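Okay, here's what each chain looks like letter by letter:
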Amino acid sequence: MKKTTENGPKKNSRRDFLRKGLMAGAGIMATGGLVEAYLDPAQAASGETMKVLTPGGEIMEVDKARLRYPRVSIKESKKGIPGRKFVMVIDLARCKNARACVEACQHGHHLPKDQEFMKVYLLQETEHTAPYWFPKPFYHCDNPLCVSVCPVGATYKRTDGIVLIDNERCIGCKFCITGCPYSTRVFAWRHYEEFNEDAFPYSPEASSPAVEGTVSKCDFCPDLIRVGKLPYCVSACPMGVIYFGDLDEDVVTNGSETFQFSQLIRDRAGYRYLEVLGTRPSVYYLPPVERQFPVDRGLDDLDEDVRARYDNTPHVKKQKR
Amino acid sequence: MANGSQSSLLREFAPQIERTSIVQTLWILLLVGIIGLGFYALYIQISQGHIVTGMRDNVVWGIYIVNFIFFMGISYAGALISGTLHLFRAEWRKPIIRIAEFMTIIALLIGPCYILLCIGRLDRLYYLVIHGRIQSPITWDVIAISTDIFGCLIFLYLAILRDIAAIRDFQSLRIPSWKRKLYSFLALGYTGTPEQQKRLHKATDIMAAMVIAIAVIVYSVLAWIFSVTLQPGWHSTIFGPYFVIAAVFSGCGVMIVVMWLFRKIYHLEKFITRKHFVNVGVLMLILSALFGYFTFSDYLTKWYGSEKNDELLIRLLFDEYYWLFILSNYIGVLMPMIVVGIPKLRTISNITISAIVVILALWVNRYLIVVPTLESPYLPIQDARPAWVFYNATWVEWALTAAGIAFFALLMTIGSKFIPIVNVSEMEDKPVPEEELLA
């Protein structure tokens, strides 16, 4: 509980400064020692460099992988990006449980191993239907029960469809966790070392640094969207399973392929999980037809503790028999 | 009212107020010790985080919430019993009504503490007020519980006022002068003039009615915290009345056990007789039938036309939780029916034993409402960490549970040393004539 109290005027002024930096344009770097503030210390250097322009007019060379972007303030994070309505499409036919999405997300949000914003389930509707891998982010529902039940307004729905949590407001009552029928929210049951790795000021758009005793979850990475990047999970997936885009522009992309959203949903019979509950999620699924991989491929090359997760699924049990 | 007639009955209770025996001192020390252990557990929980509890991302609410429902239920039962018996002018209530009043307020002070134990950031508790949103059932609960505490405190105060005045006027009572001053201050100058009596009577009547209504609302709001969610085991329209009935049922059990204890400890055999046990026992019997009916309705509809997740929940209840389910929903219902229903079995000790079973059964009933539901969410829990899959309360949670019970016992003990546990003033009132009762 120590980390949260450092919300003094000093922090706010730094946040203001960073916001001004953002206004000056993405990728523009501050000079001298301040350059460090824009570089992620947790990120290993990739060796690949890029040139950026500092506000002082100097051109500097920084490591590409370590480059980070300024974050918006808590107040700003409540507004939403104007003219946007974000949507995600997950193609179940392509998923082979490579878990790159999970790891990239954990890395990007400075999460410990115990906490996953993205979870991959091995689902099977009935005994006689086919099992399939089911990546589950947060659904950013248009009728979010989590937002309704929050007693302090710590979780909120934005104009761009994203649901965020302000962990400086959250009292940790966990009502939103029980309110969510999709088990998407995680609680910080203790302080983790990983929370310290993030040197940047807190913003709900980054969901980082996380704080003990509060709730967090997948945020659709609006901090990355603001600088024209795709969410961590989307760009990390080697199979291009996850598409991200804008409902109003009617377009989704996984980074290499781009589709008209409405046509993709129509052609591939896209659906939303548990539509019957009336929560109206912003995440759509494409059914696992004409699959690129046999489902068992997803059980290969897993860490023992991850592999053990699926031991109790009907599919794995059947195999063992 | 003449002092002489009052003190005759008050004299019987004077020893409790005048001194504390060694046994009582040891008892109080024991309770304080248990509460101290609870505070140590609380310190561990605050310093190391909620990781020291058995709660995890799936089962985010554990026995703290169960205790919360349990204590609030006792409080509600006390309010309903004392409120209705007062309004109906039931003559037999007089020796036991103070116990019901004490139960109401003491359980009400302890219950909400358990919800605080579930909160990850206690340092931000005041956000509930400064950032409160009326759309959230938790805000309804905050409003309802604070109203309830306020109402019950007034009700209790009105109910003990005459006895406080009687103690003040009881000159031969050997108590330190600061205590006498305290009684004199708390008596608010009540001397028993006809005007004062009339006012007090009217105010008590109003508060008795209010307390019943508030308690129904508080307990329904508590049920709605669960039933407004989409969780398969909770999303039920029956929960409001079901919780209210379960509350009074469990409270009757606690009432009987507390009656038995005070009767033994303070030798109140003259005042609290078999009749009282049978009467509260009959109330418990009626409530067990209602509770059984609600429980049956709830699970029958879940089981008969079962959705997939209802089916999973029912399977979990009859598989992992089989014996707990049998205890809470079969034995807990049938035991009071048999013991109180068959006149031959209606002895004080039998009724008390069945009351203990009812208390245990109802605690387990709340556990079975909270925990298995969270263990069977829509998306199956796929986790390799056992603690994340099944909930097991840790010593920290049990220590704080014990501390709550100890605190209940401690306040009951202290309360009974401050004010006679039998309402002395009312006992000496003449029975209300029947014509007046009907008017």
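Parameters at a glance
- Residues numbered from 1 in each chain as written.
- Chains lettered and ligands numbered in written order.
- Predicted model: local features only at pLDDT ≥ 70, side-chain atom pairs only at ≥ 80, totals over all residues.
- Helix = DSSP H or I, 4+ residues; strand = E, 2+ residues; numbered from the N terminus.
- Rg over C-alpha atoms; globule rule 2.2 N^0.38 Å.
- Buried ≥ 20, exposed ≤ 12 C-beta atoms within 10 Å, placed from the backbone.
- Contact = placed C-beta atoms within 7 Å.
- Pairing = 2+ DSSP bridges.
- Axes fitted to C-alpha atoms, helices over the stretch in contact; angles between N-to-C directions.
- Nonpolar A, V, L, I, M, F, W, Y, C, P; charged D, E, K, R; others polar.
- Expected span 1.5 Å × (residues − 1).
- Bend = angle between axes of the 7 residues up to and from the residue.
- Parallel < 35°, antiparallel > 145°, perpendicular 65-115°, else oblique.
- Left-handed = near helix turned anticlockwise from the far one by under 90°.
- pLDDT = per-residue confidence, 0-100.

Engineer: Break down the overall build of chain B for me, citing the residues and quoting the values.
Structural biologist: Helix and strand counts for chain B come out as 17 helices and zero strands. Since a compact globule built from 439 residues should have a radius of gyration of about 22 Å, the 23 Å found for chain B is in line with a globular shape. The dimensions of chain B, computed from C-alpha atoms along their principal axes, are 75 × 50 × 45 Å. Residues counted as buried form 45% of the 439 residues belonging to chain B. At a minimum sequence separation of 6, the contacts of chain B that also span at least 24 residues come to 83%.

Engineer: Before we move on, could you go through the overall build of chain A and cite the residues and values that matter?
Structural biologist: A count of helical and extended segments in chain A gives 11 helices and 13 strands. Sorting the 321 residues of chain A into buried and exposed places 44% on the buried side.

Engineer: For the sheet that holds strand β11 (residues 251-253) of chain A, give the residues involved together with the corresponding values.
Structural biologist: All names here are of chain A. Taken in spatial order, the five strands make up an open sheet running β12-β11-β10-β3-β13, and their pairing is mixed. The strands lining the two open edges of the sheet, one partner per strand, are β12 (258-260) and β13 (283-286). Strand-to-strand twist of the sheet, defined as the mean angle between neighbouring strand axes without regard to direction, takes the value 25°. With four bridges joining them, strand β3 (residues 86-91) and β13 adopt parallel strand pairing.

Engineer: Give a description of the interface of chain A and chain B that names residues and reports values.
Structural biologist: By a frequent convention, interface size equals the accessible area lost on bringing the separate parts together. Taken together, the contact between chain A and chain B spans 39 residues of the former and 36 residues of the latter. With four residues, the top contributor of residues to the side of chain A that touches chain B is helix α5 (residues 175-179) of chain A. Classifying every residue of the side of chain A that touches chain B gives 22 nonpolar, 10 polar and seven charged.

Engineer: Go over helix α6 (residues 137-169) of chain B with me, naming the residues and quoting the values.
Structural biologist: If you check α6 of chain B, its first and last C-alpha atoms are 48 Å apart, about what 33 residues at 1.5 Å a residue would give, namely 48 Å. Of all the bends in α6 of chain B, the largest measures some 40° and sits at I160 of chain B.

Engineer: Tell me about the pairing of strand β4 (residues 119-123) of chain A, and please be specific about residues and values.
Structural biologist: Residues and elements named next belong to chain A. For β4, the tally of buried residues reaches four of five residues, placing the bulk of the element in the interior. One ladder, built from five bridges, connects β4 with strand β5 (residues 132-136); its direction is antiparallel. The residue of β5 that forms the bridge with L122 is W133.

Engineer: Describe the packing of helix α4 (residues 97-117) of chain B against helix α15 (residues 395-418) of chain B, and please don't skip the residues or the numbers.
Structural biologist: All names here are of chain B. Orientation of α4 relative to α15, taken along the N-to-C sense of each, is 155°, at an axis distance of 10 Å. Taken together, the axis directions place α4 and α15 in an arrangement best described as roughly antiparallel. In this structure, α4 meets α15 at a crossing whose hand is right-handed. Facing α4, whose interface residues are F102, I106, A107, I110, Y114 and L117, α15 presents L400, G404, F407, F408, L411, M412 and G415. Here the residues of the contact of α4 with α15 sort into 11 nonpolar, two polar and no charged.

Engineer: Can you lay out the packing of helix α10 (residues 274-304) of chain B against helix α13 (residues 348-375) of chain B for me, pointing to particular residues and giving the numbers?
Structural biologist: For any two helices packed against each other, one specifies the inter-axial angle together with the distance between the axes. Residues and elements named next belong to chain B. It is the contact of α10 with α13, at a shortest axis distance of 10 Å, that shows an interaxial angle of 35°. Pair α10 / α13 crosses with left-handed handedness. Of the residues in α13, those in contact with R274, F277, G281 and M284 of α10 are I348, I351, A355 and V358. Considering only residue class, the contact of α10 with α13 consists of six nonpolar, one polar and one charged.

Engineer: Quick one: what's the story with the confidence of the model for chain B, residue by residue and with numbers?
Structural biologist: Residues and elements named next belong to chain B. In this model, chain B carries a mean pLDDT of 89, and residues with pLDDT of at least 70 account for 96%. Of all helices and strands in chain B, the one with the weakest mean pLDDT is helix α17 (residues 434-438) (56), whereas α13 scores best (95). Below a pLDDT of 50 lies the segment residues 1-6, which in the model reaches six contacts outside its immediate sequence neighbourhood of four places, other chains included. Here the predicted complex carries an ipTM of 0.89, next to a pTM of 0.88.

Engineer: So what's going on with the environment of Y219 of chain B? Which residues, and what values?
Structural biologist: Residues and elements named next belong to chain B. The residue Y219 is located in helix α8 (residues 194-227) in this model. Its 28 C-beta neighbours within 10 Å are what place Y219 among the buried residues. As a C-alpha pair, Y219 and Y304 span 85 residues in sequence and 28 Å in three-dimensional space. With residues near it in sequence (within four places) discarded, Y219 still touches M72, Y76, F243, V244 and A247.

Engineer: Pulling in residues and values, what's your account of unusual backbone geometry?
Structural biologist: In this structure, P209 of chain A follows S208 of chain A across a cis peptide bond, with omega equal to -5°. With respect to the helices and strands, the residue P209 of chain A is situated in the loop between α6 (193-196) and β9 (215-216). A positive phi angle, near 60°, is found at D250 of chain A, a position not held by glycine. Among the secondary structure elements, D250 of chain A is positioned in the loop between β10 (242-246) and β11. Assessed through the 14 C-beta atoms surrounding it within 10 Å, D250 of chain A is described here as partly exposed. Of note in this structure, R89 of chain B is not a glycine but carries a positive phi near 55°.

Engineer: So, the pairing of β3 of chain A: which residues are in play, and what are the values?
Structural biologist: Residues and elements named next belong to chain A. Judged by how many residues are buried, β3 sits mostly within the fold: six of six residues are covered. Of the two faces of β3, both are covered, the one formed by F86, M88 and I90 as well as the one formed by V87, V89 and D91. Both β3 and β10 contribute to a ladder of five bridges, which runs antiparallel. In the strand pairing of β10, V87 is matched with G245.

Engineer: Lay out the confidence of the model for chain A in plain terms, naming residues and giving numbers.
Structural biologist: Taken over all residues, the pLDDT of chain A has a mean of 85, while the share at 70 or more is 82%. Contacts for the low-pLDDT stretch residues 1-34 of chain A, under 50 throughout, to residues beyond four places or in other chains number 48 contacts.

Engineer: For the environment of L37 of chain B, give the residues involved together with the corresponding values.
Structural biologist: Residue and element names in this part refer to chain B. Here L37 lies in helix α2 (residues 22-48). Sequence-wise, L37 and V258 are 221 residues apart; in three dimensions their C-alpha atoms are separated by 24 Å. Excluding residues within four positions of it along the chain, L37 makes contact with A399 and A403.

Engineer: So what's going on with the environment of L268 of chain B? Residues and values would help.
Structural biologist: Residue and element names in this part refer to chain B. Residue placement: L268 occurs in the loop between α9 (239-265) and α10. Each C-alpha atom, one on L268 and one on E12, is 9.7 Å from the other, the two residues being 256 residues apart in sequence. Filtering out sequence-adjacent residues up to four positions away, L268 remains in contact with F262, R263 and V422.

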